[in-house]
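Close look at the chain arrangement
Now for the letters of each chain:
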Amino acid sequence: DKQNHELVDKSDLTRLIGTFKAQLNQSHKELKTANEQFDALVHETVLSQLVVSQIDMGVVVVDEDGKVQLVNHYAQQFTDIGDPVGKSYKDVFQLSENTKSASDFFGSALKGDTVKLNDSARLKCRRGNIAIRGKILALRHKQTGKITGAVCFFEDNQEFIKKLSEDKAFFS
C-alpha cells in the first residue's frame, strides 16, 4: 500500500510539474508579446515625436484632464512657461476669440467637438497678442472611442500670410 501511495504521489507531482511548465511557457509567450508591443509603442512614440517636432506649425496635445502632454518647438515659442508638460492648458495658453476663452476651446474639444480657430483667435504670450489660425480636435481611443485628450494645431497668421506671399511671388 505504501508503494501504491508513493506512485500516486509521483504521478500527482509529475502532473503538477507538467501544468507548471505549461503555465510558465504561456507566461513566457505573453511576456514576449508584451515586450514586442512595448518596443513597437516606444518606436511609434519616438517616431511621432520626431515628426511633430519637425512640423512647421504649433502642436499641443492635452490629456482628458486638460494637462499638457506634448508641445512642439513651434508652439513652445508661444508659451510663457519653461516646460509646460504636466501643467493645465489654462495655465499655459492664453487663447481667446472674441468672448471665448481657451477653456471654451479645449473644453469643447474634450467633449468631442472639432473647434476651428479662425482669424479672430488670439494667443496672448511673451511675443504679444498674436493672431492665429488652426483647429483643436478630440483624440479618441482606437477600440473604445473614449475621448483621451485633444490636439491643437495652429500657426501664426503673420507667418501664414508671409508663406502665401512667398508662394504667390514664386508662382508669378
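Scope of this entry: the structure provided in the associated data block. Note that this is a predicted model, so its numbers are computed, not measured.

**Some remarks on the pattern of salt bridges**
Under the defined criterion, the tally for this structure stands at one salt bridge. Note that Asp12 and Arg15 form a salt bridge whose closest N and O atoms lie 2.5 Å from each other. Taken together, the residues Asp12 and Arg15, both in helix α1 (residues 2-54) and three residues apart, mark about one turn of the helix. Asp12 gets classed as partly exposed once you look at its relative accessible area, which sits at 31%. The class of Arg15 is exposed, set by a relative accessible area of 52%.

**Let's talk about the environment of His73**
With respect to the helices and strands, the residue His73 is situated in helix α2 (residues 73-76). Judged by its relative accessible area of 61%, His73 is exposed. Once the C-alpha coordinates of His73 and Asp56 are considered, the two residues, 17 residues apart in sequence, prove to be 9.0 Å apart.

**Let's talk about the nonpolar core**
By size, the foremost hydrophobic cluster in this structure holds 26 residues, and its most contacted members are Val60, Val62, Leu117, Ile132, Ile136 and Phe154. Mapped onto this core, the elements with two or more residues apiece are β1 (58-63), β2 (68-71), α2, α3 (89-92), α4 (102-110), β5 (115-125), β6 (128-140) and β7 (147-156).

Rules of the game
Residues numbered from 1 in each chain as written. Predicted model: local features only at pLDDT ≥ 70, side-chain atom pairs only at ≥ 80, totals over all residues. Heavy atoms only, no water. Salt bridge = Lys/Arg side-chain N within 4 Å of Asp/Glu carboxyl O. Helix = DSSP H or I, 4+ residues; strand = E, 2+ residues; numbered from the N terminus. Buried < 20%, exposed > 50% of the residue type's maximum accessible area, 1.4 Å probe, protein only. Core = buried A, V, L, I, M, F, W, Y, C linked by side-chain atoms within 4.5 Å.

From the geometry alone we can't say anything about function, so treat these as descriptive.
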